[in-house]
Amino acid sequence: MDLSIGEVAQRSGLSVHALRFYEREGLFANPVRRLSNGRRIYHEEDLEWLAICTKLRSSGMSLATIRRYIDLVRQGPGNEHERLELLRRHENHVETQIRELQEILDVMRYKVRTYEEHVVRGEADRLWNPSHPDTAQAGTRQEGHPPEGA
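1. With respect to the confidence of the model for the chain
Then, number 1: Averaged over the chain, the pLDDT score is 88; the fraction of residues at 70 or greater is 87%.
Then, number 2: Overall, residues 138-142 carries pLDDT values under 50, and its contacts beyond four positions in sequence, including any with other chains, amount to 10 contacts.

This is the structure in structure tokens:
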């Protein structure tokens, strides 16, 4: 089934502008086909690729790396080991991002708990504030990082 750029935009969640950008950057697995009047025509496999491509992009894969992956796919059989290595490197990158985000989430959860406890007890004014020497000197740990293992 042929799809217009507007239909692809609606179904993929990408803007028409983004789809044109993806085409200009060579990020479609297959070249975008055009009618004799120049209108772009897409197919279901283009939507499937866009779903993968946007995940790769949103997970931090560079445009150059996506292009390299597409080039390898277009070359056909014989370079699967290279494709696999490219995907493994990105998988490791994503796992590192997840670990870093988990550490950030741990800090944020600790800070939220600290604020909740202080607000409930009516002691929010005791939270660490560097502009007030009396609270900064009190050495309260609540505004710092959670204790190791917390």
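Text resumes after the structure shown.
2. With respect to the pattern of salt bridges
Then, number 1: Applying the stated criterion to the full structure yields 10 salt bridges.
Then, number 2: Across the salt bridge formed by glutamate 85 and arginine 89, the nearest N and O atoms sit 3.9 Å from each other. Placement of the pair is glutamate 85 and arginine 89 together in helix 5 (residues 80-120), with a separation of 4 residues, close to one helical turn.
Then, number 3: Residue glutamate 85 is classed as partly exposed on the basis of its relative accessible area, which comes to 37%.
Then, number 4: A salt bridge links glutamate 123 to arginine 121; its shortest N-O distance comes to 2.9 Å.
Then, number 5: Classification of glutamate 123 as partly exposed rests on a relative accessible area of 22%.

3. Here we look at the side chain of arginine 83
Then, number 1: Note that arginine 83 resides in helix 5.
Then, number 2: Buried and unpaired, arginine 83 has glutamate 80 as its nearest opposite-charge partner, separated by 4.1 Å.
Then, number 3: Among residues more than four places away in sequence, those in contact with arginine 83 are Tyr69, Leu72, Val73, Gly76 and Pro77.

4. Some remarks on the nonpolar core
Then, number 1: Within the largest apolar cluster, 23 residues are counted, with the highest numbers of intra-cluster contacts made by Leu19, Tyr42 and Ile66.
Then, number 2: For this core, the elements supplying multiple residues, two or more each, are helix 1 (5-12), helix 2 (16-24), helix 3 (44-58) and helix 4 (63-75).
Then, number 3: No other element matches the 5 residues that helix 3 contributes to this core.

5. Side note on the packing of aromatic side chains
Then, number 1: Tallying each qualifying case throughout the model produces 3 aromatic pairs.
Then, number 2: Between phenylalanine 28 and tyrosine 42, the aromatic rings sit 5.7 Å apart at their centres with planes inclined by 40°, giving tilted as the arrangement. In this pair, phenylalanine 28 sits in the loop between helix 2 and strand 1 (33-34) while tyrosine 42 sits in the loop between strand 2 (40-41) and helix 3, placing the two residues 14 residues apart along the sequence. We note that phenylalanine 28, like tyrosine 42, is buried.

So, how was this worked out
Residues numbered from 1 in each chain as written. Predicted model: local features only at pLDDT ≥ 70, side-chain atom pairs only at ≥ 80, totals over all residues. Heavy atoms only, no water. pLDDT = per-residue confidence, 0-100. Contact = heavy atoms within 4.5 Å. Salt bridge = Lys/Arg side-chain N within 4 Å of Asp/Glu carboxyl O. Helix = DSSP H or I, 4+ residues; strand = E, 2+ residues; numbered from the N terminus. Buried < 20%, exposed > 50% of the residue type's maximum accessible area, 1.4 Å probe, protein only. Lys, Arg positive; Asp, Glu negative; His and termini not counted. Core = buried A, V, L, I, M, F, W, Y, C linked by side-chain atoms within 4.5 Å. Phe/Tyr/Trp six-rings, centres within 6.5 Å; stacked < 30°, edge-to-face > 60°.

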